[in-house]
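# What the coordinates show
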Amino acid sequence: MIRIRFADEGRTVETDRTGHDVLNTPVLNKGSAWSEEERIRLGLLGLLPYHISTIEEQLARVYRNYQQRTNDLDRYLYLTDLQDRNETLFYRLLLEHITEMMPVVYTPEVGVACQRYSHLFHRPRGLFISYPHRAQIETMLRAWPFADQVRVIVVTDGERILGLGDQGMGGIGIPIGKLTLYSLCAGIHPATTLPIVLDVGTNNPTLLNDPLYLGWRHERVRGREYDDFIEQFVTAVEKVFPHALLQWEDFAKDNARNLLDRYRDRILSFNDDIQGTGAVTLAGWLAAVEISGVPLADQRIVMLGAGSAATGIAEQIVAVMVEAGIPLEQARRTIWLIDSRDLVHTRRTGLEAVKMLYAQPYEMLEGWTREGGETFTLYDVVSNVRPTCLIGTSAQPGAFDERTIREMARHVEHPVIFPLSNPTSKSEAVPADLIAWTEGRALVATGSPFEPVTYSGRTFTIGQCNNVFIFPGVGLGVIAVGAKRVTDAMFIAAARALSAFSPARQDPTASLYPSLTQVRDVSRAVAQAVAAEAVRSGLAAPLSAEEQTARIDATMWTPVYPQVRRMEEYAVHY
């Protein structure tokens, strides 16, 4: 274990390491910016060039090198290398170029990196907990270099990476990316974060047949063996990191829901694909509802895709409607789910329990005009329901076609259309088409970044429905006040806080979501809302609003170089 200790509100870091060990520890390393006193005290004289750089000089150098890369994968690899050498400089660079670099360090480029992980591998980051080593999980957790500092864990089993499916062990890129965003957007110190992949095999034949694949070459463990493995993992986390927040990430649909339900009342945990996606979509939807002027009770929401993301969105929309006084069953009837087989209705057999909550009574459908034969097409549903809102989580590119969108726009003044699947190649529609097909009346947000759209002399900024506006702030709020659990009410509070930042509330042609340059302000506001809800519900100590804010501000790390000195018990005095 590498020992570090923070002092002077983070302005000073003490460590037991010296010499090359310090230079090879990314959370400590300053590259060429070590002061002369630090070089002497930490045994760095002669290990670095003479000149002592300012961080501004370093930023100019690394940004120039970044600009020389000719494609996004090379840029991703360059930034990853910088992160593995000097985390403070890495995060400072990202903060100064956040709009430019966010799509490189996370979606969509992280998906490519996951797909090619074994071919691009050069240095491990995170923990790789493989099924054959299940008896040593606790030992592996304790071996993490900063085991005594861990506050946030993101874990995946790699089975549902973005819209790309099973990437096996290569899915580690997602926890790494998510934790990068925790540090970048909410100031969670990188030394307190831990990315983990649970390698339970893969059913991806390309990976199984790839001689360079670095994961366990075995079909995925299922059933009781899988459940027992997860239980071993959670038990070990409880013992080694009893106060850490655990985020479940990119698990397949059934496992995602089961793990959330099984552990949400036992450990401090949440699922970003379900709850985070639900909250960030809810935030944009609330802003769009206000702009459109259609009352909550008159909303009709069609969702193409009925996996964990869609049901998470549905749950939070329904919760807000119920808060507004709409009866629960009436609120659920406003949601129309279409899965890979058909519209979700009461004559369907074999539906999961969560889908059954939104199954529309089949008697309501018997008089419909339709063209789908035995099943209902998206066009059938849109032409009969006349939705106010259309949401895509299906990973079917082009699924929102011109005919369907024009039909929707015939009946709604301001169609709310959210093609949320990512990466970009999986988006259900392109914003330029949606704006054109609705004569500029649509309120559009997407899962991946798109350029502004010009139509009829007006420019429409396309908001990205990006979970980065939610989960880092949720984590910050939970950690800052020491919440015991993460609840759905906290995510609704987070969504309302984010929705208040929507530029479209003042200008309908503006984005439904704030600029990424505001993400730290958004995360702070989300953290305040989450902290307040934790205190209100009795899941945190009874702190005043001022105390909550003070704790949040004290938890937020800023990427500036601290003074680094050797721990007194290890110091050599000259």
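Values in this document were obtained by computation on a predicted structure and should not be read as measured data.

This part takes up the packing of helix H18 (residues 378–385) against helix H19 (residues 402–411). Packing of H18 against H19 leaves a shortest axis separation of 9 Å and a crossing angle of 10°. Classed by the angle they form, the pair H18 and H19 counts as roughly parallel. Residues Leu378, Tyr379, Val382 and Ser383 of H18 lie in contact with H19, whose contacting residues are Arg403, Thr404, Glu407 and Met408. Here the residues of the contact of H18 with H19 sort into four nonpolar, two polar and two charged.

Time to look at the layout of surface pockets. Considering only enclosed or pocket space, the largest pocket measures out at about 880 Å³ in volume. When residues of the lining of the largest pocket are traced back to their parent elements, those giving at least two are helix H10 (173–186), helix H14 (272–292) and helix H15 (308–323). The greatest single-element share of the lining of the largest pocket, amounting to four residues, is contributed by H14. Residue composition of the lining of the largest pocket, by class: 14 nonpolar, 19 polar and twelve charged. The space that makes up the second largest pocket amounts to roughly 590 Å³. Around the second largest pocket, the lining comprises 24 residues; the ones closest to its centre are Gly10, His189, Ala554, Thr555 and Trp557. Those elements that provide at least two residues to the lining of the second largest pocket are helix H5 (87–96), helix H21 (471–481) and helix H24 (545–555).

Looking now at the side chain of arginine 39. One can find arginine 39 in helix H2 (residues 36–41). Glutamate 38 provides the closest opposite charge to the buried, salt-bridge-free arginine 39, at an N-O distance of 7.1 Å. At 3.3 Å, the side chain of arginine 39 forms a polar contact with the backbone oxygen of histidine 51. Leaving out residues up to four positions away in the same chain, arginine 39 has contacts with Ser32, Trp34, Leu44, Leu45, Leu48, Pro49, Tyr50, His51 and Ile52.

Helix length check: helix H3 (residues 55–67) (13 residues) gives 18 Å between terminal C-alpha atoms against 18 Å at 1.5 Å per residue, within 8%. Taken as a whole, H3 has its buried residues at Ile55, Gln58, Leu59, Val62, Tyr63 and Tyr66. Along the long axis of H3, the arc covered by the buried residues comes to 125°, so they all point the same way. Residues of H3 that are buried make contact with helix H4 (72–85), H5 and helix H6 (98–105).

If you look at the biggest cluster of nonpolar residues, it comprises 114 residues, and the most contacted ones within it are Leu79, Trp285, Met303, Val474 and Leu512. Here the element with the most residues in this core is H14; it accounts for ten residues. Look past the residues within four positions of tryptophan 285 in its chain and what remains in contact with it is Leu296, Gln299, Ile301, Ile317, Met321, Cys389 and Phe418. Ile4, Leu44, Ile137 and Ile153 belong to the second largest nonpolar core, which has 49 residues in total.

Spatially, six strands are ordered S9-S8-S10-S11-S12-S15 in an open sheet, and the strand pairing comes out parallel. Where the open sheet ends on each side, the last strands, each with one partner, are strand S9 (335–338) and strand S15 (463–464). Where strand S11 (residues 416–419) lies against strand S12 (residues 443–446), two bridges are found, and the strand directions are parallel. Among the inter-strand pairings, valine 416 is bridged to a residue of S12, identified as leucine 443. In this fold H14 packs onto strand S8 (301–304), strand S10 (389–392), S11 and S12, with an angle of close to 160° to the strand it touches most, S11. In this fold H15 packs onto S8, S9 and S10, with an angle of close to 165° to the strand it touches most, S8.

Using the criterion set out here, one finds three cavities of 30 Å³ or more in the structure. The volume enclosed by the largest cavity comes to roughly 310 Å³. Contributing to the lining of the largest cavity are 20 residues, with Tyr76, Thr80, Tyr117, His122 and Ile176 lying nearest its centre. Those elements that place two or more of their residues in the lining of the largest cavity are H4, helix H7 (109–115), helix H8 (117–120) and H10. Here the element with the most residues in the lining of the largest cavity is H4; it accounts for six residues. Among the residues forming the lining of the largest cavity, the class breakdown is eleven nonpolar, six polar and three charged.

With an omega dihedral of 10°, the bond running from threonine 107 to proline 108 counts as a cis peptide bond. Note on placement: proline 108 falls in the loop between H6 and H7. Within the chain, arginine 386 stands out as a residue other than glycine whose phi angle is a positive 55°. Position of arginine 386 among the secondary structure elements: in the loop between H18 and S10. Looking at arginine 386, the relative accessible area reads 42%, which means it is partly exposed. A positive phi angle is found at alanine 395, which is not glycine, with a value near 60°. The exposure class of alanine 395 is partly exposed, given its relative accessible area of 25%.

Scoring rules and cut-offs
- Residues numbered from 1 in each chain as written.
- Predicted model: local features only at pLDDT ≥ 70, side-chain atom pairs only at ≥ 80, totals over all residues.
- Heavy atoms only, no water.
- Axes fitted to C-alpha atoms, helices over the stretch in contact; angles between N-to-C directions.
- Helix = DSSP H or I, 4+ residues; strand = E, 2+ residues; numbered from the N terminus.
- Parallel < 35°, antiparallel > 145°, perpendicular 65-115°, else oblique.
- Contact = heavy atoms within 4.5 Å.
- Nonpolar A, V, L, I, M, F, W, Y, C, P; charged D, E, K, R; others polar.
- 1 Å grid on protein atoms, 1.4 Å probe; cavity = no way out; pocket = protein on both sides within 12 Å on 5 of 7 lines; lining within 4 Å.
- Points joined across faces, edges and corners; volume = space filled by probe spheres on them.
- Buried < 20%, exposed > 50% of the residue type's maximum accessible area, 1.4 Å probe, protein only.
- Lys, Arg positive; Asp, Glu negative; His and termini not counted.
- Salt bridge = Lys/Arg side-chain N within 4 Å of Asp/Glu carboxyl O.
- Polar contact = N/O pair within 3.5 Å; in protein donor to acceptor, adjacent residues only side chain to side chain.
- Expected span 1.5 Å × (residues − 1).
- Arc of directions from axis to C-beta.
- Core = buried A, V, L, I, M, F, W, Y, C linked by side-chain atoms within 4.5 Å.
- Pairing = 2+ DSSP bridges.

Scope: geometric values only; no functional claims are made or implied.
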